[in-house]
Every structure is written in C-alpha cells, then in structure tokens.
4 protein chains.
Amino acid sequence: MIVVMRKGTTPEEVQRVMDRLREYGFAVHLSEGVERTVIGAIGDKKPERVQQIEAMDGVDKIVHILHPFKLAGREFKPEPSTVPVGSVTVGGQTLTVIAGPCAVESEEQILTVAKAVRDAGATMLRGGAFKPRTSPYSFQGLAEEGLKLLALARERTGLPVVTEVMQPGDVDLVSGYADVLQIGARNMQNFPLLREVGRTRKPVLLKRGLAATIEEWLMAAEYVISAGNPNVILCERGIRTFETATRNTLDLNAVPVVKQLSHLPIIVDPSHGTGKWSYVIPMARAAVAAGADGLIVEVHPNPEEAASDGAQSLKPEKFRELMREVGAIAAVLGRQLAPAVA
Amino acid sequence: MIVVMRKGTTPEEVQRVMDRLREYGFAVHLSEGVERTVIGAIGDKKPERVQQIEAMDGVDKIVHILHPFKLAGREFKPEPSTVPVGSVTVGGQTLTVIAGPCAVESEEQILTVAKAVRDAGATMLRGGAFKPRTSPYSFQGLAEEGLKLLALARERTGLPVVTEVMQPGDVDLVSGYADVLQIGARNMQNFPLLREVGRTRKPVLLKRGLAATIEEWLMAAEYVISAGNPNVILCERGIRTFETATRNTLDLNAVPVVKQLSHLPIIVDPSHGTGKWSYVIPMARAAVAAGADGLIVEVHPNPEEAASDGAQSLKPEKFRELMREVGAIAAVLGRQLAPAVA
Amino acid sequence: MIVVMRKGTTPEEVQRVMDRLREYGFAVHLSEGVERTVIGAIGDKKPERVQQIEAMDGVDKIVHILHPFKLAGREFKPEPSTVPVGSVTVGGQTLTVIAGPCAVESEEQILTVAKAVRDAGATMLRGGAFKPRTSPYSFQGLAEEGLKLLALARERTGLPVVTEVMQPGDVDLVSGYADVLQIGARNMQNFPLLREVGRTRKPVLLKRGLAATIEEWLMAAEYVISAGNPNVILCERGIRTFETATRNTLDLNAVPVVKQLSHLPIIVDPSHGTGKWSYVIPMARAAVAAGADGLIVEVHPNPEEAASDGAQSLKPEKFRELMREVGAIAAVLGRQLAPAVA
Amino acid sequence: MIVVMRKGTTPEEVQRVMDRLREYGFAVHLSEGVERTVIGAIGDKKPERVQQIEAMDGVDKIVHILHPFKLAGREFKPEPSTVPVGSVTVGGQTLTVIAGPCAVESEEQILTVAKAVRDAGATMLRGGAFKPRTSPYSFQGLAEEGLKLLALARERTGLPVVTEVMQPGDVDLVSGYADVLQIGARNMQNFPLLREVGRTRKPVLLKRGLAATIEEWLMAAEYVISAGNPNVILCERGIRTFETATRNTLDLNAVPVVKQLSHLPIIVDPSHGTGKWSYVIPMARAAVAAGADGLIVEVHPNPEEAASDGAQSLKPEKFRELMREVGAIAAVLGRQLAPAVA
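Conventions we followed
Residues numbered from 1 in each chain as written. Chains lettered and ligands numbered in written order. Predicted model: local features only at pLDDT ≥ 70, side-chain atom pairs only at ≥ 80, totals over all residues. Heavy atoms only, no water. Axes fitted to C-alpha atoms, helices over the stretch in contact; angles between N-to-C directions. Helix = DSSP H or I, 4+ residues; strand = E, 2+ residues; numbered from the N terminus. Left-handed = near helix turned anticlockwise from the far one by under 90°. Contact = heavy atoms within 4.5 Å. Nonpolar A, V, L, I, M, F, W, Y, C, P; charged D, E, K, R; others polar. Core = buried A, V, L, I, M, F, W, Y, C linked by side-chain atoms within 4.5 Å. Buried < 20%, exposed > 50% of the residue type's maximum accessible area, 1.4 Å probe, protein only. Least-squares fit on C-alpha atoms with pLDDT ≥ 70 in both. Salt bridge = Lys/Arg side-chain N within 4 Å of Asp/Glu carboxyl O. Pairing = 2+ DSSP bridges. Expected span 1.5 Å × (residues − 1). Buried area = accessible area lost by both parts, 1.4 Å probe. Polar contact = N/O pair within 3.5 Å; in protein donor to acceptor, adjacent residues only side chain to side chain. Phe/Tyr/Trp six-rings, centres within 6.5 Å; stacked < 30°, edge-to-face > 60°. Lys NZ or Arg CZ within 6 Å of the ring centre and 35° of its normal. Right-handed = clockwise from strand over helix to strand, strands pointing away. Parallel < 35°, antiparallel > 145°, perpendicular 65-115°, else oblique.

**Remarks on the packing of helix α3 (residues 107-119) of chain C against helix α4 (residues 144-157) of chain C**
All names here are of chain C. As a packed pair, α3 and α4 sit with axes 9 Å apart at the nearest point and diverge in direction by 40 degrees. Once α3 is placed against α4, the crossing between them reads as right-handed. Of the residues in α4, those touching α3 at E107, I110, L111, A114, K115 and R118 are L149, L150, L152, A153, R156 and T157. Of the residues belonging to the contact of α3 with α4, the class tally is seven nonpolar, one polar and four charged.

Rendered as structure tokens:
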C-alpha cells in the first residue's frame with residue numbers, strides 16, 4: 001500500500017509513520033516529491049493496521065495497490081472454478097439456467113412450474129420458502145412446508161433445487177432440503193450467515209447487494225470460502241441507482257469485471273435486475289453475450305395470481321422463447337446449455 | 001392506489017381489473033382520459049394483491065397514494081414519540097449524545113473513553129462487541145467479553161450502553177448487557193433479526209441501510225414495532241452515492257423528511273457518515289441544526305491505535321469541542337443537552 | 001395526472017384545487033378515500049400549471065400518469081424510426097458500427113484508423129475535433145483543423161463522419177464538415193445547443209447524461225425534434241453510480257426500455273461506458289444481444305500514444321475481433337452489419 | 001502519481017514504462033513487492049501523458065496522489081478567498097443570503113419579491129431570465145426583458161442581482177445587467193461557457209452538477225480561474241441519488257470538504273437541494289451550521305401562481321422566519337449576516 005502524507009508534514013511525523021510500518025512488519029520505501037511525501041509499504045496488510053496508520057498525524061490517505069480478497073481472486077487461482085450441483089456443473093463451457101417462481105405457494109403451483117421449466121430445458125429449479133419482504137405485512141413464504149414442496153418437485157422432475165436461507169439458525173434446516181443455498185441481496189453482508197453457510201459444503205448462490213461494490217461482493221465470497229466452503233456461485237441481480245424506469249439497474253459490466261478479478265462462476269438474474277417481465281428476455285440474451293455462466297429467471301404459470309413478484313415473472317411460453325434465444329447466443333460463444341435432465 | 005392501464009387497452013381488460021379489485025375488497029372509480037384509462041382503488045392494500053393486479057393484462061403500472069408504513073407513521077400517531085433508556089429520554093426537547101469507541105478493545109480502553117465522554121457530557125456510551133467487518137480477516141470484536149466490559153463501564157460511569165447485535169441467536173445474550181440494541185446499516189433489512197429485537201422491549205437503534213430509501217427504513221422500523229416493540233430510535237449514518245470525497249454521503253435531508261413522515265426520534269452518526277474525523281464536528285453541528293434528536297459519535301483516546309475506524313474517531317479533546325458547539329446550536333433551537341449523569 | 005391531497009385537508013381546499021384545475025382546462029374527478037382525497041385531472045398538462053397546483057394549500061403531491069415526451073414517444077409514432085446518414089441507415093434491421101479515435105490528432109493518425117476500421121467493416125468514422133475535458137490543462141482538440149482531417153478521412157475511405165459539437169455558435173461550422181453531430185453526455189441538457197442542432201436537418205447522436213434518467217434523455221430528444229429535426233439517434237454511454245470498478249456503469253437496461261418507450265434508434269458506447277478496453281468486447285456483444293441498433297467504439301492504432309482515452313481504446317486487431325463477434329450475435333437476432341463501404 | 005503494474009508483468013515492460021516516464025520528464029522510483037511492482041513518478045502531470053502511460057502493456061492502473069486542481073486549491077492559496085459583489089463581500093465572517101423567485105415573471109412580481117426579501121435582510125436578489133427547463137414546452141424565461149426587470153429591481157432596492165447565463169453567446173448580454181453570473185448545475189461542465197465567463201471579471205456563482213464529484217466541481221472552477229477570473233463562488237445544490245423523498249440529495253458534507261480542499265467561498269441552495277418548501281428552513285439552518293458562507297433561497301409572493309418551482313418556494317413570511325433562525329445559528333459560529341442594504 002501507499003501512505004500519502006499531507007503537504008507540510010514534518011520529518012518527525014514521516015519518521016513515526018515509517019517506524020510504525022516497520023513495527024507492523026512492512027518493508028518501506030520513502031519517496032519525497034516536491035509537493036508530497038509518499039511511503040510505499042510492502043507486506044501483509046491487516047485491515048486494522050491500515051486504519052491505525054491512516055489515523056496517524058501527518059497522514060493524508062492510504063492508497064491500496066492490491067485487492068483485499070485472496071481466496072476469491074484470480075491471482076490466487078488463475079483457472080476458472082466450476083461448482084458441481086448434483087449431476088450439473090456450474091461454470092466452464094456450460095450455460096446453467098435456473099428457473100421457477102419467486103415463492104413456493106402450493107404443491108400444484110410448484111409442480112406445474114417445475115415441469116414447465118424442466119420441459120423448456122432449465123437446469124435447476126428456484127423457489128422461495130423463506131421470503132425477505134420489505135413489508136412485515138407481506139406474504140413471508142411457506143417456510144419448511146415450502147422446502148418440502150421443493151424436495152417433492154425435485155423428486156418429480158430431477159431438477160436440483162435452489163432456495164434462500166435467511167438466518168444462521170436455519171442453515172441446517174434448509175441444507176436438509178436444498179441443493180444450493182441462496183444468500184439474498186439484502187444479506188450479502190450478513191456476516192454470521194456467510195460464515196454459517198461457509199461451514200457447510202453446500203453450493204452457495206451469493207447475490208450481490210444493492211449497494212455493494214464488486215470488491216465488497218468478492219469479500220463476501222471470501223467469508224464463505226475462508227470458512228471452508230469453496231463452492232460459491234456469484235449472482236448479479238441489479239444495483240440501486242437514480243434510474244427509476246427499471247426496478248434496479250442490472251449491472252452487466254460486473255460479468256467481465258468478475259471474470260477478470262475472480263475465478264468464481266457468475267450468473268445473472270434479469271428478473272430482479274429489471275423488475276419487469278418485458279425486459280427479461282433482452283437482458284437475459286445480453287447477460288449470456290457478456291459471458292455469464294448462467295441465468296436465474298422467475299417463471300410463474302399465472303403471474304397475475306402470484307403471491308409475489310408477478311410483474312417480473314415470465315409465463316412458461318415466454319420462458320421457452322428465452323431458452324431458444326439464449327441457447328443461440330451461447331452457441332455463438334462456444335457454450336452449451338446443460339443437457340436436459342433425464 | 002391508482003391502477004394505470006396501457007394505451008389501447010380493451011374494455012374487457014379494464015373490466016377484469018375492476019372485477020378483480022372488487023373481489024379483493026377495494027372500492028373502485030373508473031376515469032377514462034383521452035389517452036389513458038385509470039382506475040382508483042380504495043381499500044386495504046395487501047402487498048401481494050398489488051403485485052397480482054400489476055401482473056394483469058392491460059395494466060401499465062400501479063401508483064401508490066399512501067405510504068406503506070402504518071405504526072411508524074405520523075398519520076397513525078401525530079405526536080412525536082420519545083424512547084426511555086434508563087433515566088435518559090431520547091426525543092422531545094432533549095439532545096442525546098452517544099459516544100464511545102468503534103469497538104471495545106480492552107478494559108483500560110473502554111473505561112478511559114467512557115469516563116472521558118461522560119465528563120464531556122455524553123448521555124450514553126457506544127462500543128461494539130460484535131463487529132460487522134467487510135473482511136473476514138479483520139478484527140471481529142471481543143464478543144461476550146466485550147459486552148462484559150461495556151457493563152463494567154456502565155457501572156463505573158452511570159452511562160447506559162448501546163451496542164450492536166448481529167444475529168437473531170444473539171439477541172438474548174446482548175439484551176442481558178445492553179441498554180439499547182443497535183441494528184447496523186448492513187442489517188437494516190435483516191428481517192429475522194428485526195422481528196427478534198421486536199419481541200423484546202429493549203430500545204432499538206435502527207441504522208439506515210446504505211442503499212435504503214427513507215420509506216424502506218421506516219418499513220424496517222415497522223417490522224420492529226409490529227412485532228411488539230415501539231421503542232425504535234432511527235439513526236441516519238450516510239448513504240452510498242458516487243461521491244468518494246467522503247466515505248458515505250451523510251443525508252441530513254433525512255432529518256426533516258423523517259420528522260414529517262414519522263413520530264419516531266432520529267439521531268445522526270457523523271462519524272460513519274463522513275468517515276473522516278475532520279468532518280465530524282461541522283456535520284454534527286449541521287445535524288443538530290437540521291433538527292436531529294441526537295448524535296452518535298466515535299471517540300477514541302488514541303485513534304492511531306484503534307482496532308477499527310481510527311480515521312474517523314475524535315480524540316477526547318475534540319469531542320469536548322463538539323459538545324460545546326452542538327450545545328450552543330441546540331440552545332438556539334430551544335433544546336437542551338441531557339443533564340450530566342450523576 | 002392525479003392530485004393527492006394531504007390527510008386532514010379541508011373541503012374548501014379541495015374545492016379551490018378543483019376550481020383551479022377547471023380554470024386551467026382540466027376535466028376533474030373527485031375520489032374521497034377513508035384516508036385521503038385524490039383528484040384525477042384530465043387535460044393538456046402544461047408544466048408550469050402542474051407546479052402551481054403542487055404549491056396550493058392542502059396538496060400533498062402530484063402523480064403523473066403520462067410520460068412528458070410526445071414526439072419522441074412510441075405512442076406518437078408506433079413504428080421504429082430510422083435515420084439516414086449518407087448511404088447508411090441507422091435503425092431497422094441494420095447494425096451500425098461507428099469507430100475511430102477519441103480525438104483527431106494528426107493526418108496520419110486519423111487516416112490510419114479510418115482505413116483500419118473501414119477494412120474491419122465499420123459503418124462510420126468517429127473522432128473528436130472539439131473535446132470536452134474535465135481539466136482545462138488537457139488537450140482540447142484540433143478544432144477546425146480536426147474537422148478538415150475528418151473530411152479528408154471521409155474522402156479517402158467513404159465513411160460518414162460523426163463528431164462532437166460543444167456550443168451553439170459552432171453548429172454551423174461543424175455541420176459544414178460532419179455527417180452526424182454528436183451531443184456529448186455533459187451537454188445532454190445544454191438546451192440552447194439542443195435547439196440549435198434541432199434547427200438543422202443533420203442527424204444528431206444524443207448521448208445520455210451521466211445522471212440523466214431515461215425520461216429526461218427522451219425529453220432532450222424532444223427538444224431537438226420539436227425544433228424541427230427528427231433525425232435523432234440515442235446513445236447509451238454509462239451512468240454514474242457508486243461502483244468504481246468501471247469508469248461508468250454502462251446501463252444496457254436502457255436498450256429495451258427505450259425500445260418500449262420510443263421509436264428512436266439507440267446505439268451503445270462500451271468504450272466510455274466501461275473505461276477499460278478489456279471490457280469493451282464483452283459489453284459490445286451484450287449491447288447487440290440486448291437489441292441495440294449499433295455501437296460506437298474507440299479504436300486507436302497505438303493507444304499508448306493517444307492524446308486521450310488510451311486506456312479504453314481498442315487496437316485495430318481487437319476491433320476486428322469485436323466485429324466478428326458482434327456480427328455473429330447480430331445474425332442470431334436477424335440483423336445484419338451494414339454492407340462494407342465500396 | 002503511482003503506476004501499478006499487473007501481476008506477472010515482465011522486466012521489459014517495467015523498463016519501457018520507466019523509460020517513457022523519464023522521457024515525459026518524471027523522476028521515477030521503482031518498488032518491487034512480492035506480488036506487484038509499483039513505480040512512483042514525480043513531476044508535472046499532463047493529463048494526456050497519464051492516459052498514455054495507463055494504456056501501456058503491463059500497466060494495471062494509475063493512482064493519483066495529488067488533486068488535479070491548482071488555482072482552486074488550498075495548497076495554492078491557503079487563506080480563504082472572498083468575492084466582492086458591489087458593496088457586499090461573499091466569504092469571510094459574513095453570511096450572504098441570496099433570495100428571490102425561480103424566474104422573473106413580471107415587473108410587479110419581481111419588485112414585490114425584491115422588496116420583501118430586502119426588508120427581511122437578504123443580501124442579494126436572485127431571479128432567472130433564461131431558464132433551463134427539462135421540457136421544451138415549459139416556460140423558458142423572459143430573456144432580455146427579464147434582465148431589464150432585474151436591473152429595475154436592483155435600482156429600487158439596492159440589492160445586487162444574481163442571474164443565470166446559459167450559453168457563451170449570452171455572456172456579454174447578461175453581464176450588462178447582472179452583478180453575479182450564475183452557471184447552472186446542468187452547465188457545470190459546459191466548458192465553452194466556463195471559459196467565456198472566465199474572460200470577464202464578473203463574480204461567478206458555480207453550481208455543482210447533479211452527478212459531479214467535488215473534485216470535478218473544483219476543476220470546473222479551475223476553468224474559470226485559469227481563464228482569468230478568480231471571483232468564483234461555489235454553490236452546493238443537491239446531487240442525484242436513489243432517494244426519491246427529496247428532489248435531490250442536498251450534500252452538506254460538501255461544505256467541510258470544500259473548506260478543506262479549496263479557498264473558494266461556498267454557499268448552499270436548500271430550495272433546489274430538497275425540492276420542497278417545508279424542508280428548506282431546517283436545511284438552511286444545517287447549511288449555516290456546517291460552515292457555509294451563505295444561502296440561495298427561492299422566495300415567491302404567491303407560490304401557487306409561480307411560473308416555475310412553486311413547490312419549493314418560500315412565502316415571504318417563511319423567509320423572514322428563515323432569516324431569524326439562520327442569523328441565530330450564524331451568531332453561534334461567530335458570523336454576521338451582511339448588513340441590511342441602505
């Protein structure tokens with residue numbers, strides 16, 4: 001890192017900072033410009049050490065040279081990672097499409113959607129049993145009953161199941177039913193939850209927070225990996241900006257950025273990212289063209305009776321259209337849709 | 001709410017929407033303009049009903065007339081609320097100042113700070129025992145040992161103690177030591193945690209999320225209140241914008257907006273809001289001038305040895321300066337600093 | 001529009017608002033809910049009338065039902081527009097690729113790039129003669145000398161020329177050389193400039209402002225069209241968000257949103273949108289997959305000697321790779337690259 | 001500046017970058033860490049040189065140590081600047097309050113407001129003759145007729161006049177009538193306009209752009225100063241964020257940040273910053289408490305008949321209340337309102 005001293009700092013202040021850096025185990029290089037003195041510090045950077053240096057007299061700011069993530073970074077592991085989910089592999093040359101309703105509502109609903117998306121070529125089934133909702137008065141999900149229905153749908157269709165876990169105390173319960181544990185956007189920095197899913201070996205679908213930089217998102221992945229679970233799949237789902245024409249601003253730039261910084265697979269959620277079903281197909285095509293490893297899409301047999309997120313759900317026939325179109329784009333990039341479940 | 005139909009919608013589509021609204025218990029008014037048909041719907045608005053209507057054929061969008069919060073709203077309770085914390089009252093004509101280190105580090109550190117801020121006139125002591133940190137490699141707090149040290153500092157100084165709780169499973173533990181339970185910005189929409197603190201009667205300091213609208217923040221308060229705990233204190237601590245000169249953008253506009261929409265007291269955190277100690281005093285003055293009910297400020301006897309957030313911590317002498325200046329501003333507005341703890 | 005009255009408003013206040021609306025020529029509908037009174041107002045909405053109503057006693061807020069743009073809107077003209085530029089047509093089934101250096105630097109430079117991009121299949125040549133630069137100490141462009149070099153490059157390659165005009169007083173000068181007048185992002189709401197290019201018939205490439213909503217962008221197009229020039233091409237080039245991994249956040253969601261709201265063609269600038277050449281090709285693919293009518297891309301024969309924006313410029317061989325890849329994606333969507341210039 | 005090389009860069013690449021830096025006149029320091037090589041470069045940094053270095057093979061990124069502004073910076077001129085406007089001085093120990101209507105509408109309107117704000121103690125009169133409006137169909141101002149009415153109001157009240165100039169070609173015209181030339185937020189990076197007002201000696205009120213960082217804002221001031229006009233007054237007027245409860249997010253943090261970085265005076269516009277008259281007084285108090293050198297406030301005798309911005313205008317009696325309250329806050333900080341105009 002680089003320690004930039006204030007203009008007019010005294011030699012004693014510079015010396016104290018250099019001494020402190022050496023005490024913390026850094027090798028230091030002094031560079032005195034006409035206007036500013038900067039100190040290069042090489043060594044293992046503990047976050048609290050950095051803040052202590054930053055608080056010293058005469059220090060203007062600290063400039064970081066290296067990214068703070070390690071295990072999630074491409075410098076640690078240059079080859080792209082793949083994450084196995086049952087017989088499916090996320091990442092590599094395969095395009096993974098996860099589809100299903102926002103929330104599990106009933107046996108009939110989840111079985112209908114599961115079959116529809118399986119028949120259209122989806123690779124996994126999504127569906128919420130525990131639902132984070134802005135309002136305490138909204139439908140909060142069927143809880144364990146929902147998990148059981150997801151397991152039933154898996155049994156009937158062969159599709160692995162992705163569902164959200166909202167608190168550390170539920171990780172064991174949800175792991176008992178799910179194939180992939182989803183961490184929602186609002187929980188991206190719920191650190192006790194990240195550590196808890198890190199203690200399992202279940203694949204984790206880690207959604208980007210609404211105000212999270214890509215670096216913070218990779219640090220959230222670092223929590224999971226450093227706790228022992230390397231099976232992290234990132235999911236871009238839109239960030240919050242001033243634009244109100246879409247519910248969120250789906251940030252597809254994150255796809256090439258993540259591919260450059262990290263070895264982890266990344267998929268994209270155009271349903272939450274845009275909030276409107278009519279934008280889902282074009283943005284799904286764009287995500288695949290940008291190099292995403294997959295998609296997660298909301299599909300409902302009857303959006304106008306959905307218990308949540310009807311406005312952004314595709315009807316099954318629209319989902320089949322999506323599958324055809326993204327399949328064609330994937331082929332251009334030398335990727336294949338995962339083979340249909342037997 | 002207002003249901004706006006698309007241009008060129010058919011009379012049948014309009015009829016179906018009106019029938020559905022009536023079925024859901026709304027009274028409806030049809031208004032046919034030259035370019036658009038809009039339907040006014042009066043009644044109790046369940047969130048899932050709204051989304052179902054929004055997903056119907058012919059519907060362009062739903063426009064909300066009323067705010068979604070109830071118990072947190074000023075229409076529900078026109079008089080400002082106050083929250084009692086031991087012998088202190090937050091809200092009303094009193095200005096509450098909470099001060100202390102970012103994290104509890106040692107007995108000596110917390111006792112030194114506690115006495116210093118008490119002597120300068122602070123009303124409560126803050127200090128983290130469980131610390132949410134962006135990096136898994138950062139100091140994560142002393143946990144229960146930190147809580148015990150906070151209790152010791154309270155015993156020695158008489159100051160009530162504010163500290164963060166990060167997960168539902170810790171609420172009982174933290175409640176055993178703390179006078180106020182802090183919900184951090186990253187947990188503002190950690191709904192299981194909100195419900196759990198809502199089951200206690202402990203005062204809750206609810207920080208605004210980095211990407212949370214004021215409406216969402218009040219909905220988070222609604223979670224706590226609707227679970228049975230009316231003792232919510234809001235805390236503005238900066239939102240995330242494109243500006244990088246400050247760590248966050250402290251949004252003081254939230255003070256008059258909250259005062260207009262809600263009866264809950266609101267305090268301001270200029271330390272996290274700006275991220276730099278030299279901006280803390282002017283923004284503390286501004287917060288009080290905007291009408292805030294109090295402040296929460298980071299103070300450390302030796303910021304350059306702080307285990308976290310040294311760069312934004314005030315030294316005790318600077319904190320005394322802050323107290324003098326905000327006291328003078330409060331007096332102009334007819335407010336008093338809470339009387340010194342005996 | 002809908003006028004929402006405050007809770008507790010008096011019948012007299014409601015009456016005054018209704019009278020005023022009628023006086024302004026609106027038809028009004030009163031709807032009295034349990035908690036709020038709302039007044040529907042149908043008629044031609046003059047912006048200043050709306051603000052006057054909003055300022056009346058008892059009025060809480062105005063809710064707009066219709067978009068404010070007319071001539072730029074799809075309701076005004078349901079069929080997609082195309083914009084002719086010499087023998088090229090922007091929009092429709094053709095994919096337009098505009099390429100060239102950030103700034104015109106010398107005869108050799110612009111001729112080299114022009115030939116390289118023409119040979120790779122580009123449809124038009126871009127290059128700045130007047131450069132808006134954040135710093136007054138940066139290279140500001142060759143001015144008229146640059147325009148002459150662009151005209152020379154057009155003569156040698158047959159490529160139509162796109163270049164920026166920065167002030168009303170330069171519109172005639174630039175129109176004398178350019179085939180398309182570019183309005184830069186920082187000038188999207190430079191209204192005198194918009195009106196001035198609206199008085200010509202030259203095609204206008206209108207970049208989206210860094211903080212502009214899509215609605216405001218279409219209102220800027222409305223300025224040009226209402227002044228008499230229907231030949232507007234929109235250009236998404238990234239918005240400003242909290243994310244710093246990319247220079248801007250290229251907002252591809254704007255592509256399907258614009259296609260739904262407007263008949264105007266829209267192209268995408270992945271060079272400014274991301275700020276880093278290694279992200280340009282994936283985001284160019286994504287833009288085409290999202291349905292964009294074209295691209296504008298920075299290409300420089302020797303980025304490390306470019307007078308500006310070297311870090312985001314593609315070398316000619318990378319540009320050829322881009323052309324191959326976007327051509328393949330376009331084909332999937334049933335679009336063709338414009339035929340090579342003879 | 002610091003040049004950070006990519007991981008795995010070759011010694012030849014490092015050498016080429018160092019050679020190039022020396023060729024451009026920089027003194028260089030090489031620092032080879034375990035993971036990265038960084039090169040410190042000391043010297044005069046031309047913006048285009050930086051971009052060329054950034055585009056070289058092996059370069060990961062450039063880190064800037066110094067701010068890019070010079071003449072606007074406190075390192076160039078450590079003492080705060082004051083700007084004389086007739087007999088008034090902006091900056092220093094005086095609090096300047098500029099007040100008046102959004103737009104000049106008629107002789108009666110502007111004279112009524114001018115007298116009202118003068119009698120309440122305002123220091124200058126504001127009023128728009130050329131109005132930048134989002135819609136081409138909105139009232140665009142009275143143009144020169146409006147300027148004449150402002151001059152008449154000055155004659156009658158003695159108040160200096162602040163009004164906006166929108167294009168370079170109007171600078172002479174507006175300078176003939178106005179005492180302060182206002183550059184609107186949407187024109188903050190209208191560089192030809194900045195240069196043109198820089199060629200006069202008229203005081204310039206430079207509003208911050210909606211998406212402008214503080215650094216870019218100071219660079220806009222640098223354009224004016226470097227063209228020869230040192231009389232720049234900065235004006236914070238709100239930035240664009242995701243929050244919709246206020247029209248913009250008034251960023252009061254900018255006050256202490258600007259005070260630290262620059263010697264220029266800074267005033268605050270709580271009317272545009274919040275967009276709602278009921279938030280104007282608390283935010284005006286907060287601005288003064290944060291250390292602002294003044295305020296600019298919209299006042300209209302009859303907001304519900306204003307040609308623009310009625311919803312954010314104060315009635316004269318509310319403005320008198322504002323003057324009383326900010327005067328009391330200013331006194332706490334040792335500042336005085338400018339003496340009343342004779």
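**Quick look at the nonpolar core**
Within the largest apolar cluster, 328 residues are counted, with the highest numbers of intra-cluster contacts made by F319 of chain B, F319 of chain C together with F319 of chain D. The contact partners of F319 of chain D, leaving out residues within four places of it in the chain, are V97, A99, V117, A120, A122, V297, V299 and L314 of chain D.

**A look at helix α2 (residues 47-54) of chain B**
Buried residues of α2 of chain B: E48, V50, Q51, Q52 and I53 of chain B, and no others. Looking at the packing, one finds that the buried side of α2 of chain B touches β1 (2-5), α1 (11-23) and β4 (59-63) of chain B.

**Some details on the relation of the copies chain A and chain C**
For the match of chain A to chain C, the screw axis carries a shift of 0.0 Å, the RMSD comes to 0.1 Å, and the turn is 180 degrees. Each copy turns onto its partner about a two-fold axis. Taking the C-alpha atom as reference, chain A places A286 of chain A closest to the rotation axis, 2.0 Å from it. Mapped onto chain C, 100% of the interface residues of chain A are again interface residues, and the two copies thus contact each other with one and the same surface.

**Comments concerning the pattern of salt bridges**
Following the criterion strictly, the structure yields 83 salt bridges over all chains and no others. For R36 of chain C, the salt bridge goes to E75 of chain B, with nearest N and O atoms at 2.4 Å. With one member in each of two chains, R36 of chain C in the loop between β2 (27-32) and β3 (37-42) and E75 of chain B in the loop between β4 and β5 (83-85) form a pair that bridges those chains. Taking relative accessible area as the criterion, E75 of chain B reaches 34% and is therefore assigned partly exposed. Via salt bridges that share partners, R6, R36 and D60 of chain A together with E75 of chain D belong to a single interconnected network.

**Structural notes on the sheet that holds strand β2 (residues 27-32) of chain B**
All names here are of chain B. Spatially, four strands are ordered β2-β3-β1-β4 in an open sheet, and the strand pairing comes out antiparallel. Looking at strand neighbours, the two that pair on one side only are β2 and β4, the edges of this open sheet. With strand direction ignored, the average angle separating the axes of adjacent strands in the sheet is 20 degrees. Relative to strand β3 (residues 37-42), β2 is paired through six bridges, and the arrangement is antiparallel. Its bridge partner being in β3, L30 is matched across the sheet by I39. α1 contacts β1, β2, β3 and β4 of the sheet and is inclined by roughly 5 degrees relative to β3.

**Focus on the sheet that holds strand β1 (residues 2-5) of chain D**
Residue and element names in this part refer to chain D. Judged by pairing direction, the sheet is antiparallel, and its four strands sit side by side in the order β2-β3-β1-β4 without closing on themselves. Looking at strand neighbours, the two that pair on one side only are β2 (27-32) and β4 (59-63), the edges of this open sheet. Pairs of neighbouring strands in the sheet enclose a mean axial angle of 20 degrees, with direction left out of account. Both β1 and strand β3 (residues 37-42) contribute to a ladder of three bridges, which runs antiparallel. What sits directly across from V3, in β3, is I39. Against the sheet, helix α1 (residues 11-23) makes contact with β1, β2, β3 and β4, and its axis sits at roughly 5 degrees relative to β3, the strand it touches most. Against the sheet, helix α2 (residues 47-54) engages β1 and β4, with an angle of about 150 degrees to β4.

**Observations regarding the relation of the copies chain D and chain C**
The two copies are related by a screw operation: chain D maps onto chain C through 180 degrees of rotation and 0.0 Å of translation along the axis, at an RMSD of 0.0 Å. A high fraction, 100%, of the interface residues of chain D reappear at the interface in chain C, so the copies pair face to face through one surface.

**With respect to helix α10 (residues 277-290) of chain B**
All names here are of chain B. Helix length check: α10 (14 residues) gives 20 Å between terminal C-alpha atoms against 20 Å at 1.5 Å per residue, within 8%. For α10, the buried fraction is high: 12 of the 14 residues fall into the buried class. Turning to α10, its buried residues are Y279, V280, I281, P282, M283, A284, R285, A286, A287, V288, A289 and A290. G291 sits one or two residues past α10 and shows a positive phi near 110 degrees.

**Considering the interface of chain A and chain C**
Facing the 36 residues of chain A at the interface are 36 residues of chain C. Roughly 2,800 Å² of surface becomes buried between chain A and chain C when both sides are summed, with 68% attributable to carbon and sulfur atoms. Its salt-bridge partner being E243 of chain C, residue R208 of chain A comes within 2.7 Å of it at the nearest N-O pair. On inspection of chain A and its partner chain C, the count reaches 14 residue pairs in polar contact (both at pLDDT 80 or more). Breaking the side of chain A that touches chain C down by element, the ones donating at least two residues are α8 (254-261), α10 (277-290) and α11 (316-332) of chain A. A per-element tally of the side of chain A that touches chain C places α10 of chain A first, with eight residues. A per-class count over the side of chain A that touches chain C returns 21 nonpolar, nine polar and six charged.

**Here's the deal with the packing of aromatic side chains**
What the rule picks out here adds up to four aromatic pairs over all chains. Aromatic side chains F191 of chain B and Y223 of chain B sit 4.6 Å apart centroid to centroid with 25 degrees between the ring planes, which places their arrangement in the stacked category. Here the residue F191 of chain B occupies a position in helix α6 (residues 191-198), and Y223 of chain B occupies one in helix α7 (residues 214-226), the gap between them amounting to 32 residues. Comparing F191 of chain B with Y223 of chain B shows no difference in burial state: the two are buried. Against the face of Y24 of chain C rests R49 of chain C, its NZ or CZ located 4.1 Å from the ring centre.

**What about the interface of chain D and chain C?**
Many descriptions give the size of an interface as the accessible area lost when the pieces come together. Taken together, the contact pairs 52 residues of chain D with 53 residues of chain C. Of the roughly 4,500 Å² buried between chain D and chain C on both sides combined, carbon and sulfur atoms contribute 48%. Of all residues in chain D, Q51, Y137 and E304 of chain D give up the largest surface area on contact with chain C, accounting jointly for 15% of the area buried on that side. Scanning the region where chain D abuts chain C turns up 10 salt bridges. The residue R20 of chain C makes a salt bridge to E305 of chain D at a minimum N-O spacing of 3.9 Å.

**Things to note about the side chain of S262 of chain B**
All names here are of chain B. With respect to the helices, strands and loops of the structure, S262 is situated in the loop between α8 (254-261) and β13 (266-268). Polar contacts involving the side chain of S262 include one to the main-chain carbonyl oxygen of A72, which spans 2.7 Å. Here the side chain of S262 touches L264 through a polar contact of 3.0 Å, landing on its backbone nitrogen.

**Here we look at the pairing of strand β12 (residues 232-236) of chain A**
Residues and elements named next belong to chain A. Most of β12 sits inside the fold, with five of its five residues counted as buried. Taking every second residue as pointing to the same face, both faces of β12 are buried, with V232, L234 and E236 on one and I233 and C235 on the other. Inspection of the sheet shows strand β11 (residues 204-207) paired to β12 by four bridges, in the parallel sense. Counted as the bridge partner of K207 is C235 from β12. Note on the crossover from β11 through helix α7 (residues 214-226) to β12: the handedness is right-handed. Pairing analysis gives three bridges linking β12 to strand β13 (residues 266-268), with the strands arranged parallel. Looking at the pairing, L234 lines up with I266 of β13. Taken together, β12, α8 and β13 constitute a β-α-β crossover, and its handedness is right-handed.

**Some words on the packing of α8 of chain A against helix α10 (residues 277-290) of chain C**
Relative orientation of the contacting elements α8 of chain A and α10 of chain C amounts to 135 degrees, with a least axis distance of 9 Å. In terms of orientation, α8 of chain A lies oblique with respect to α10 of chain C. As α8 of chain A runs across α10 of chain C, the sense of the crossing is right-handed. Residue-level contacts link P256, V257 and Q260 of chain A of α8 of chain A to S278, Y279, P282 and M283 of chain C of α10 of chain C. By residue class, the composition of the contact of α8 of chain A with α10 of chain C is five nonpolar, two polar and no charged.

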